[in-house]
Amino acid sequence: MLRLKDFVAEGIGPETLARLVREAVVARPARGLYQLSGTQVDAAHTLAEAAILIPKGVVCLNGAAVPRADATDAIRRLDGH
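Here the residue index of a chain counts from 1 through its sequence in written order. With the structure being a predicted model, the display of local features is reserved for residues of pLDDT at least 70 and the display and counting of side-chain atom pairs for 80 or more, all residues being used for whole-chain, interface and lining totals. Hydrogen atoms and water are omitted, and side-chain values are computed over all heavy atoms in the structure.

(A) Geometry of the overall build of the protein chain. Counting its regular elements, the protein chain contains four helices and three strands. Across the protein chain, helices and strands are ordered from the amino to the carboxyl terminus as β-α-α-β-β-α-α. The contact definition used throughout considers only heavy atoms, calling two residues in contact when any of these lie within 4.5 Å. A separation threshold of at least 6 residues defines the contact pool for the protein chain, and within that pool the share at least 24 residues apart is 35%. Accessible areas in this description were obtained via Shrake-Rupley with a 1.4 Å probe; residue shielding takes into account the shown protein chains only. As displayed, the protein chain has an accessible area near 6,300 Å², and 59% of this comes from carbon and sulfur atoms. Numbering goes from the N terminus for both helices and strands, where a helix is a DSSP run of H or I of at least four residues and a strand is a run of E of at least two.

Next comes the structure, spelled out in structure tokens:
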């Protein structure tokens, strides 16, 4: 996945990129984000896309909430609550 600025840094201008999108060589899954057409999308790919689109964002995985909840419950039991 690349942003427009990544293409420009490699000497590929916006007009050329637009042509590649029209010709379906490159796909535009989100505004300002480009990837090769036909790219297999899995969970890691989706997380990478989110990280590129929201660089200072925080990703919270569902699985991460369960151990914390278990730890919180254990602390409450130790405190007698």
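(B) Inspection of the nonpolar core at higher detail. Membership of the largest hydrophobic core is limited to five residues, which are Phe7, Leu17, Leu20, Val26 and Tyr34. Among residues more than four places away in sequence, those in contact with Phe7 are Leu2, Ile12, Leu17 and Tyr34. Nonpolar core, defined: a set of buried Ala, Val, Leu, Ile, Met, Phe, Trp, Tyr and Cys residues in which side-chain atoms within 4.5 Å join the residues together. Accessibility here uses a 1.4 Å probe with only protein chains present; expressed as a share of the type maximum, an area under 20% marks a residue as buried, one over 50% as exposed, and anything in between as partly exposed.

(C) Region of the structure containing the side chain of Gln35. With respect to the secondary-structure elements, Gln35 resides in strand β3 (residues 33-36). Among residues more than four places away in sequence, those in contact with Gln35 are Met1, Val26, Ala27, Pro29, Val41 and His45.

(D) Summary view of the sheet that holds strand β2 (residues 26-30). Pairing between strands requires that DSSP locate at least two bridges from one strand to the other. Reading across from one edge, β1-β3-β2 is the order of the three strands in this open sheet, with antiparallel pairing throughout. Each edge of the open sheet is held by one strand with a lone partner, namely β1 (2-3) and β2. As paired strands, β1 and β3 are joined by two bridges and run antiparallel to one another. Among the inter-strand pairings, Leu2 is bridged to a residue of β3, identified as Tyr34. Along the sheet, helix α3 (residues 43-53) makes contact with β1, β2 and β3, crossing β3 at roughly 150 degrees. Axis angles are defined between N-to-C directions and span 0 to 180 degrees, where every axis is a line fitted to C-alpha atoms and, for a helix, only to the segment in contact.

(E) View of the packing of aromatic side chains. Two rings belonging to Phe, Tyr or Trp (six-membered ring only in the last case) form a pair when the distance between their centres is within 6.5 Å. Interplanar angles under 30 degrees mark stacking, angles over 60 mark edge-to-face geometry, and anything in between is tilted. Enumeration according to the criterion identifies one aromatic pair in this entry. Judged by centre distance (5.9 Å) and plane angle (90 degrees), the ring pair of Phe7 and Tyr34 falls under edge-to-face. Taken together, the positions of Phe7 in helix α1 (residues 4-9) and Tyr34 in strand β3 put the pair 27 residues apart, joining distant regions of the chain. This pair shows no difference in class: Phe7 is buried, exactly as Tyr34 is.

(F) Representation of the pairing of β2 in the model. Sheet analysis places β2 next to β3, joined by three bridges and oriented antiparallel. Across the sheet, residue Val26 finds its bridge partner in β3, namely Leu36. In this antiparallel pair of consecutive strands, β2 and β3, the connection spans two residues, and Gly32 shows a positive phi of 80 degrees.

On their own, these measurements won't tell you what the molecule is for.
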